[in-house]
Amino acid sequence: MKLSVIRSAFTNVAVRMPHARHGNRVSGLTRRCTPTGAAYSRLVVRAVSASTNSGTNAKLVDNFGKQSQKPTDFDQSLRDVIQSTKEAMVALQRSNPGVQPLLAIIQAGEDDSLLEINKKIAAKVGLNVTQICLANDCSEDEIVEEVLKLNEDPKVHGVYLHLPPTNLTSRLLDTLKPEKDIDGITYLNMGRLMQGDLSKGFTLPIGSAVVDLLQKHDASVVGRTVLLIGAEGPLGVALQCLIERSGMIAFKSHPHVKNLQRQVMEADAVVLAGAGGIDVPLTWIRPGASVIRLEPTLDTDASGMSSKSGLAYLTAAYRIQNVVHSSSRRLQEQQYRQWRLRSLKLQPLTPVPSDIEISRAQTPKPVEQLAEEIGLLPEELEAYGRSKAKVRLSLLDRLQAQPDGKYVLVAGITPTPLGEGKSTVTIGLVQALSAHLKLNSFACLRQPSQGPTFGVKGGAAGGGYAQVIPMEEFNLHLTGDIHAITAANNLVAAAIDARMLHEATQSDKALFSRLVPLVNGVRRFSPIQIARLRRLGINKTDPTSITPQEVSSFVRLDLDPTKITWQRVVDTNDRFLRKITVGQASTEKGQIRETGFDIAVASEIMAILALADSLEDMKARLAHMVVGTSRSGQPVTAEDLGVSGALAVLMKDAIKPTLMQTLEGSPVFVHAGPFANIAHGNSSVLADKLALKLVGRDGFVVTEAGFGADIGMEKFFNIKCRASGLRPSVVVLVATVRALKMHGGGPNVSAGAPLPKEYIDELPIVEKIRTIAQKVYGAQDIELSPEATAKINYYNQQGFASLPICMAKTHLSLSHMPEKKGAPTGFILPIRDVRASIGAGFIYPLVGTMSTMPGLPTRPCFYDIDLDPVTEEITGLF
């Protein structure tokens, strides 16, 4: 319900009150509501019956918890509410064993009387209560801060503001989430009550309790008249609405009106709701009428029980019932939601404008709106501006029981240098399924590297009227994932060179003193250092207990400078960084070595990001990355360097897929960007898994494999699917006339017959390379360089022979020669080098002259790319 509707509803109430200022006490009724809070924490009910002597005789209803010869209305109502709430609680926990509803009470001061009442009722139901005590003179900011915390705490299902009316300001009521407002005091919940919509909101527990007692007093309440004296603000509104909805007739009055006696004598029931000790003579009350008094304080007797507190307990019971209902609603909201996707209209023009003109002509939906349309919860979204947002992995836990949708792979025949339109087909297919056939569908794409964007190929947002928008944000920076990878990769490189320098210039004792420093007079190993000790076979945790030999083993990685496999990265095509020399400054004390830069998306960390299926899995893979070899021939990992935890910190946000949309408003996940000719060339496993849950059983997730079938699709099946456990339902093969000659195939598979050896998780490294070369590329054989042979022998010794092969090969031909088109045969495939990405889980041979660092052409695209400083409009990008 919109706030304007609520305000309109309040304006139509018969009682007219002044408008309340923001941040001040709210005493009016027209546009803001004052909740009852502590002002109505004591409620006294009197049942009045006929008497032969005086005509009327008032009797106080029995206290809660005390024995009586005859059950009172209080007793019966309280038992009924507690019993129904207990049944709801049992049903809730039967279907959701881990759920434990929690009521949070915020109060000013240390008076625990009301807390005790709520705790006693909660204990009977099996519900937890927590209390937040603020100072009597607490500020509005302090209360708001606590409310904000409770709003975001998923363990809290209801918030009760036990505060003086002066503290219940407009700002505070605006802050409290209506779905946790179990006392029904927020404007939205009050508006829902007034309009009769209680499917999502809550009513004031005191209002429910009073109506309950009125209904218990008589067998039939239809047509009974109830006089509300002094019932102002939201209490009056709630009582009037609830009483009239139950079939009774409610009238409001004031204690100082002239005809009050007549009004009381004509009423079937009287509710005294004022905080100023309102009372009426018993002689005014007609025989058989009931009287309910709401008093502002709680008086306790010698036993510690509240005298005259029966209705306070009944009110608490309805409050606890609201908490259980809130928890149940929360669980229902967390179930799979049907999509309500609103498509954006296209207005195709002839001739077709440029891609960037088409992109700019369409206004994307706010990402929060898109997220709501596809069933994401607000807490699962982390917005990055208006048009893109990260999606939290908690979605997988929420929808773990939800069946996956259909998994569609878009691949292509070996492309020309211009590309054959796989991204365009992927986006167009999703737009056709969702915007036109009204089927839930999701596109999953890789994030483009700035290398091709500013180099030769350009962006990767699709083309024409099948694009991801805004295309500038898609192609430039996005949410910073590649920058995070660059930072993490280069942190490892810095750690390698720094460690070699320190080991070369310090003794074992000095290294140990610095690696395990004294803090407050005590040395302690960090968890990552204890893990290294375990790998060394040293099962000790006390730094003072290890021997000199153990100290030496612990502090010295003894990296061989000639066998360091880790390179630095930058997300730019910079050919002059392919080979560099580091350590030439005098401060590096002669630690000079040759190394080089790769393109950022060629980093093993990018491959890990794309293959990890959880934060824990990514952290483990980062720890297992092999960065080089010791002089004794042992692999050295990122965890040995002590840097794996820091890498996980740098990558903690990058692991979350980015939500965007197509030109027609269909959802897109953009995540990870490994090159297919250098790495495995597919978007992330996590993006696919999240999307498969969101689309539902009958939906479609369309993901793309980079370059041709011999590159991206082969790695999709043999690397990505093995890592994810997912299997595609169908493959869409993109073919163009200019590229039809660039295709190949594999051996046949017959049903019921054993799989050919080419398809079996057991061949040696050399045979796996040879199989791909002969069966996929059409080569006669392979030729290994001495360096490649030595690397393969080393990987066999280290136990890495079972890893799959990820060929690093030109994408312009089935062979290693870009100029050889069609399906060449009989050639010898040269394997120049063989590298291992142990954390990512594959070995990648470098074929021919294949480089892991692209170069800029004579005239790169950046000559045409510029920024208008006045409009901030980008020109020349495409």
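Here is a short report on the structure shown in this document. (Residues numbered from 1 in each chain as written. Predicted model: local features only at pLDDT ≥ 70, side-chain atom pairs only at ≥ 80, totals over all residues. Heavy atoms only, no water.)

### Comments concerning the overall build of the protein chain
Part 1: The secondary structure content of the protein chain amounts to 27 helices and 32 strands.
Part 2: By residue count, 53% of the 878 residues in the protein chain fall in the buried class.
Part 3: Of the roughly 38600 Å² of accessible surface on the protein chain, 53% is carried by carbon and sulfur atoms. (Helix = DSSP H or I, 4+ residues; strand = E, 2+ residues; numbered from the N terminus. Buried < 20%, exposed > 50% of the residue type's maximum accessible area, 1.4 Å probe, protein only. Areas by Shrake-Rupley, 256 points an atom, 1.4 Å probe, with all protein chains shown as cover.)

### Considering the side chain of Ser 837
Part 1: In this fold, Ser 837 is placed in strand β29 (residues 828-837).
Part 2: A relative accessible area of 5% means that Ser 837 is categorised as buried.
Part 3: In this structure, Ser 837 is in contact with Glu 604, Phe 842 and Tyr 844, ignoring residues within four places of it in sequence. (Contact = heavy atoms within 4.5 Å.)

### A short note on the sheet that holds strand β5 (residues 158-162)
Part 1: Read across the sheet, three strands follow the order β4-β3-β5 without closing on themselves; strand pairing throughout is parallel. Unpaired on one side and paired on the other, β4 (128-134) and β5 mark the two borders of the sheet. Neighbouring strand axes in the sheet, compared pairwise and without regard to direction, differ in orientation by 20 degrees on average.
Part 2: Sheet analysis places strand β3 (residues 102-108) next to β4, joined by seven bridges and oriented parallel. Looking at β4, one finds that Ile 106 is bridged to Ile 132.
Part 3: Sheet strands touched by helix α4 (residues 140-152): β3, β4 and β5. Its angle to β4, the strand with the most contacts, is close to 155 degrees.
Part 4: The strands touched by helix α10 (residues 310-334) are β3 and β5; relative to β3, the strand with the most contacts, the crossing angle is about 130 degrees. (Pairing = 2+ DSSP bridges. Axes fitted to C-alpha atoms, helices over the stretch in contact; angles between N-to-C directions.)

### Structural notes on the sheet that holds strand β30 (residues 842-847)
Part 1: The sheet built from three strands is open, its strands ordered β28-β29-β30 with mixed pairing. Each edge of the open sheet carries a strand with a single partner, namely β28 (781-784) and β30. Pairwise comparison of adjacent strand axes, ignoring direction, gives a mean angle of 50 degrees for this sheet.
Part 2: Inspection of the sheet shows β29 paired to β30 by six bridges, in the antiparallel sense. The residue bridging Ile 831 from the neighbouring strand is Val 847, located in β30.
Part 3: Strands in contact with helix α26 (residues 765-777) are β28, β29 and β30; relative to β28, the strand with the most contacts, it is inclined by about 135 degrees.

### Observations regarding helix α25 (residues 709-724)
Part 1: Between its terminal C-alpha atoms α25 stretches only 19 Å, short of the 22 Å expected from 16 residues at 1.5 Å a residue.
Part 2: Taking the largest bend as the criterion, α25 deviates by roughly 40 degrees, centred on Phe 716.
Part 3: Among the residues making up α25, those that are buried are Asp 710, Ile 711, Gly 712, Met 713, Glu 714, Lys 715, Phe 716, Ile 719, Lys 720, Cys 721 and Ser 724.
Part 4: Within two residues after α25, Gly 725 carries a phi angle of roughly 80 degrees, on the positive side. (Expected span 1.5 Å × (residues − 1). Bend = angle between axes of the 7 residues up to and from the residue.)

### Quick word on the nonpolar core
Part 1: In terms of nonpolar packing, the biggest core is built from 81 residues, with Phe 442, Leu 659 and Phe 669 touching the most fellow members.
Part 2: Sort the elements by how many residues they give to this core and helix α17 (residues 481-505) lands first, with nine residues.
Part 3: Counting 55 residues, the second largest nonpolar core, distinct from the first, contains Ile 182, Val 226, Ala 269 and Ala 317. (Core = buried A, V, L, I, M, F, W, Y, C linked by side-chain atoms within 4.5 Å.)

### Re the pairing of strand β15 (residues 466-469)
Part 1: Side-chain alternation along β15 places Ala 466 and Val 468 on one buried face and Gln 467 and Ile 469 on a second face that is also buried.
Part 2: Summarising the sheet, strand β14 (residues 462-463) and β15 pair through two bridges and their orientation is antiparallel. From the neighbouring strand, Gly 463 faces β15, where its bridge partner is Ala 466.
Part 3: Between β14 and β15, which follow one another and run antiparallel, lie two residues, and Gly 464 among them has a positive phi close to 60 degrees.
Part 4: Of the pairings in the sheet, the one linking β15 to strand β24 (residues 658-662) comprises two bridges and is antiparallel in character. Across the sheet, Val 468 pairs through a bridge with Thr 662, a residue of β24.

### Re the pattern of salt bridges
Part 1: This model, assessed by the stated rule, comprises 41 salt bridges.
Part 2: The residue Lys 809 makes a salt bridge to Asp 710 at a minimum N-O spacing of 3.6 Å.
Part 3: Accessibility expressed as a relative area gives 0% for Lys 809, which makes it buried.
Part 4: One continuous salt-bridge network, built from bridges that share partners, spans Glu 382, Arg 392, Lys 652, Asp 653 and Lys 656. (Salt bridge = Lys/Arg side-chain N within 4 Å of Asp/Glu carboxyl O.)

### Some thoughts on the side chain of Thr 595
Part 1: The residue Thr 595 is located in strand β20 (residues 593-595) in this model.
Part 2: Thr 595 sits in the buried class, given a relative accessible area of 8%.
Part 3: Ignoring any residue separated from it by four or fewer positions in sequence, one finds Thr 595 in contact with Trp 566, Gln 567, Arg 568, Arg 578, Lys 579, Ile 580 and Val 582.

### Observations regarding helix α6 (residues 187-195)
Part 1: Counting buried positions along α6 yields eight of nine residues, so the element is predominantly enclosed.
Part 2: Buried residues of α6: Tyr 187, Leu 188, Asn 189, Met 190, Gly 191, Arg 192, Leu 193 and Met 194, and no others.
Part 3: Of the residues trailing α6, Gly 196 is marked for its positive phi of about 80 degrees.

### Looking at the packing of aromatic side chains
The description of an aromatic ring pair rests on the distance of the ring centres and on the angle between the ring planes.
Part 1: In the structure shown here, the tally under the stated rule is eleven aromatic pairs.
Part 2: Between Tyr 795 and Phe 800, the ring centres sit 6.5 Å apart and the planes meet at 45 degrees, which makes this aromatic pair tilted.
Part 3: Every member of this aromatic cluster is reached through a ring pair, and the members are Trp 339, Phe 442 and Phe 669.
Part 4: Here Arg 319 stacks its cationic end above the ring of Tyr 160, 3.7 Å away from the centre of that ring.
Part 5: Against the face of Phe 202 rests Arg 329, its NZ or CZ located 4.4 Å from the ring centre. (Phe/Tyr/Trp six-rings, centres within 6.5 Å; stacked < 30°, edge-to-face > 60°. Lys NZ or Arg CZ within 6 Å of the ring centre and 35° of its normal.)

### So, the packing of α17 against helix α23 (residues 644-651)
Part 1: Between α17 and α23, the least distance of the axes is 9 Å, while the angle of their chain directions is 170 degrees. Between α17 and α23, the angle falls in the class roughly antiparallel. The crossing of α17 and α23 is right-handed. Of α23, the residues touching α17 (which contributes Ala 484, Ile 485, Ala 487, Ala 488, Leu 491 and Val 492) are Ala 646, Leu 647, Leu 650 and Met 651.
Part 2: Of the residues in the contact of α17 with α23, the class split is ten nonpolar, no polar and no charged. (Parallel < 35°, antiparallel > 145°, perpendicular 65-115°, else oblique. Left-handed = near helix turned anticlockwise from the far one by under 90°. Nonpolar A, V, L, I, M, F, W, Y, C, P; charged D, E, K, R; others polar.)

### Section: the pairing of strand β6 (residues 225-229)
Part 1: Burial within β6 is extensive, with five of its five residues counted as buried.
Part 2: Across five bridges, β6 lies against strand β7 (residues 249-253) in parallel orientation. If you follow Leu 228 over to β7, its bridge partner there is Lys 252.
Part 3: Assessed by its sense of winding, the connection that carries the chain from β6 through helix α8 (residues 233-245) to β7 is right-handed.
Part 4: Relative to strand β8 (residues 269-272), β6 runs parallel, the two sharing four bridges. Counterpart to Ile 229 in the pairing with β8 is Leu 272. (Right-handed = clockwise from strand over helix to strand, strands pointing away.)

### Overview of the environment of Trp 566
Part 1: Within the secondary structure layout, Trp 566 lies in the loop between α20 (548-555) and β18 (568-570).
Part 2: A C-alpha to C-alpha distance of 9.3 Å links Trp 566 and Asn 490, two positions 76 residues apart in sequence.
Part 3: Among the polar contacts listed, one links the side chain of Trp 566 to the backbone oxygen of Asn 489, at a separation of 3.0 Å. (Polar contact = N/O pair within 3.5 Å; in protein donor to acceptor, adjacent residues only side chain to side chain.)

### A word on unusual backbone geometry
Part 1: Thr 350 connects to Pro 351 through a cis peptide bond whose omega is -5 degrees.
Part 2: Cis peptide bonds are those with omega within 30 degrees of zero, and the linkage from Ile 469 to Pro 470 qualifies with -10 degrees.
Part 3: In this fold, Pro 470 is placed in the loop between β15 and α16 (471-475).
Part 4: Non-glycine residue Asn 520 carries a positive phi angle of around 55 degrees.

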